[in-house]
Amino acid sequence: MPDVPVVKVGTAVFGSGAPAVVAALPAAESAARDAAAAGASAVTGAGGRAAGLPVVADVAGPDEAERAAAHAAMLRLTAPDDRLVDAAVGTGLPVLLARGPGDDGGWLAAAGRLGRRGAAGVVLDVPAADLARAWSVRRRAALPVVVDLRRPRVVPALAAAVARAAFAAGADGAVVTPDGNAGISGPDLPDLAVLTVLAPLLTSGPATGPGLAGLRRRLDLLDEQIVRLVAHRRAVARLVGAVKRRDRLPARDLRREVQVLDRAAALAGRLDADPRTVLAIFNLLIDDAVGAQRAVHTARLPEERPR
Ligand SMILES: O=C(O)C(=O)C[C@]1(C(=O)O)C=C[C@@H](O)C=C1
């Protein structure tokens, strides 16, 4: 089993090497907040808007597309006809395109139509039943793919395995249904996958997106995740420090630091982050790790404490 970050949603654990998780949620704002804290990149249901998260709206007809455009950041369409394709493109919103009852041909043709008519972005929504084909669909359409664990509904006990399989099969993300009763608890949060595939599409939404307060709430949620990740990194650095102490190695390893910084800068380039900002942050993180390790180096082990 590869060592991948884990996202816990409800009772299900998602080993997610993939960059995007869309949580499909009821309208409740608190559920949307939990999903946001767990790293969901978007939610379905109006609660997402109140929680400052982008909303993916299920849309069945042209009128609905127009109405949804007032609050949604992305539309989810199933087997759209030409009129719905035009209406969706007219909203200026990106589209999550689900496969209808027909074969792949109609589905991919609709994706092509959306692209040609100028959709802001198209992501294919593959049913969990078809996850083994995620990669071939992705290659054929040259579009990002998310696997929908609601079609058919994957029971929570199997969701982790199915999500891992989806990502191993080449999916870029998953649509998940959290258990309505189980919240997403604090200790799970540091293990988030970073969410990016949908993010650029979602931020290119219409002028009618959330206002200043909503966007600040989104920033608050991101800031909370950042602080949790900083704490988590420090905790892992302490473990590294304990291993080094056991093996009598110095706290600093300059070659490794160069690798860490190079990797962060390369990732920043790929994700449209500013490499200078990312490098400044990572230099601080490495200093923080060294400080945490030195504390481990100088701390006495419990059995060494005077009785
Ligand atoms: O990888 C290690 O050896 C670490 O101690 C972690 C870390 C880091 O923060 O990434 C910190 C200090 C070392 O100089 C190199 C890297």
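Look up a bit, the structure's there.
Thresholds, definitions, all that
Every chain's residues receive numbers from 1 upward, in the order its sequence appears when written. For a predicted model such as this one, the threshold for reporting local features is a pLDDT of at least 70, and the threshold for listing and counting side-chain atom pairs is 80 or more; totals across whole chains, interfaces and linings nevertheless cover every residue. Calculated side-chain values reflect all of the structure's heavy atoms, with hydrogen atoms and water omitted. Residues belong to one nonpolar core when they are buried, are Ala, Val, Leu, Ile, Met, Phe, Trp, Tyr or Cys, and are joined through side-chain atoms within 4.5 Å. Burial classes follow relative accessibility: with a 1.4 Å probe on protein chains only, a residue under 20% of its type's maximum area counts as buried, one over 50% as exposed, and anything between as partly exposed. The contact definition used throughout considers only heavy atoms, calling two residues in contact when any of these lie within 4.5 Å. Only DSSP runs of H or I covering at least 4 residues are called helices, and only runs of E covering at least 2 are called strands; the numbering of each starts at the N terminus. The definition of a polar contact used here is a pair of N or O atoms within 3.5 Å, where within protein one atom must be able to donate a hydrogen and the other to accept one, and adjacent residues in sequence count solely through side-chain atom pairs. For this description, a residue counts as near a given molecule or strand if any of its non-hydrogen atoms is within 4 Å of it. In this description, accessible areas are obtained by the Shrake-Rupley approach with a 1.4 Å probe, and a residue is regarded as covered only by the protein chains that are shown. Here, a salt bridge means any Lys or Arg side-chain nitrogen found within 4 Å of an Asp or Glu carboxyl oxygen.

A.B. asks: So what's going on with the nonpolar core? Residues and values would help.
C.D. replies: Soluble globular proteins tend to pack their nonpolar side chains together in the buried interior. Within the largest apolar cluster, 39 residues are counted, with the highest numbers of intra-cluster contacts made by V59, L75, L77, L97, L114, L124 and V147. When sequence neighbours within four positions are dropped, the list of residues in contact with V59 reads E64, A65, A68, L75, R76, L77 and L84. Of all hydrophobic cores here, the second largest spans six residues; its members include L96, V123, V146 and V175.

A.B. asks: A description of the side chain of T91 should follow, citing residues and the corresponding values.
C.D. replies: Looking at where T91 falls in the secondary structure, it is placed in helix α4 (residues 82-91). Owing to a relative accessible area of 14%, T91 belongs among the buried residues under this scheme. Side-chain polar atoms of T91 contact the backbone oxygen of A88, separated by 2.6 Å. Among the polar contacts made by the side chain of T91, one reaches the main-chain amide nitrogen of L93 at a distance of 3.1 Å.

A.B. asks: Could you give me a rundown of the site of the ligand, with the residues and numbers involved?
C.D. replies: Inspection of the region around the ligand gives 13 residues, with R233, K244, D253, E257 and Q293 positioned closest. The side chain of R233 places a nitrogen or oxygen atom 2.9 Å from an oxygen atom of the ligand. Measuring from an oxygen atom of the ligand, one finds a side-chain N or O atom of E257 at 2.4 Å. Burial of the ligand by the protein amounts to 89% of the accessible area it has alone, namely 360 Å². It is helix α11 (residues 275-298) that provides the largest number of residues to the shell around the ligand, a total of four residues.

A.B. asks: An account of α4 is requested, with residue identities and associated values reported.
C.D. replies: Among the residues of α4, L84, V85, A87, A88, V89 and T91 are the ones counted as buried. Check the buried side of α4 and you find it contacts β5 (56-59), α3 (62-68), β6 (74-78), β7 (95-98) and α5 (104-116). Where α4 terminates, the next one or two residues include G92, which has phi positive at roughly 80°.

A.B. asks: A description of the pattern of salt bridges should follow, citing residues and the corresponding values.
C.D. replies: Inspection of every chain in the model, using the stated rule, returns 13 salt bridges. Here D86 and R117 are joined by a salt bridge, their closest N and O atoms 2.7 Å apart. With D86 in helix α4 and R117 in the loop between α5 and β8 (122-127), this residue pair connects regions lying 31 residues apart in the sequence.

A.B. asks: Which residues make up unusual backbone geometry, and what are the values?
C.D. replies: Most peptide bonds take the trans configuration, and most residues that are not glycine carry a negative phi. A positive phi angle, near 50°, is found at A142, a position not held by glycine. Tracing the chain through its elements places A142 in the loop between α6 (134-141) and β9 (145-148). Since its relative accessible area comes to 67%, A142 is described here as exposed. Phi at R248 takes a positive value of approximately 55°, unusual for a residue other than glycine. Following the sequence through the fold, R248 ends up in the loop between α9 (212-246) and α10 (254-270).

Limitation: the analysis is restricted to geometry and does not speak to function.
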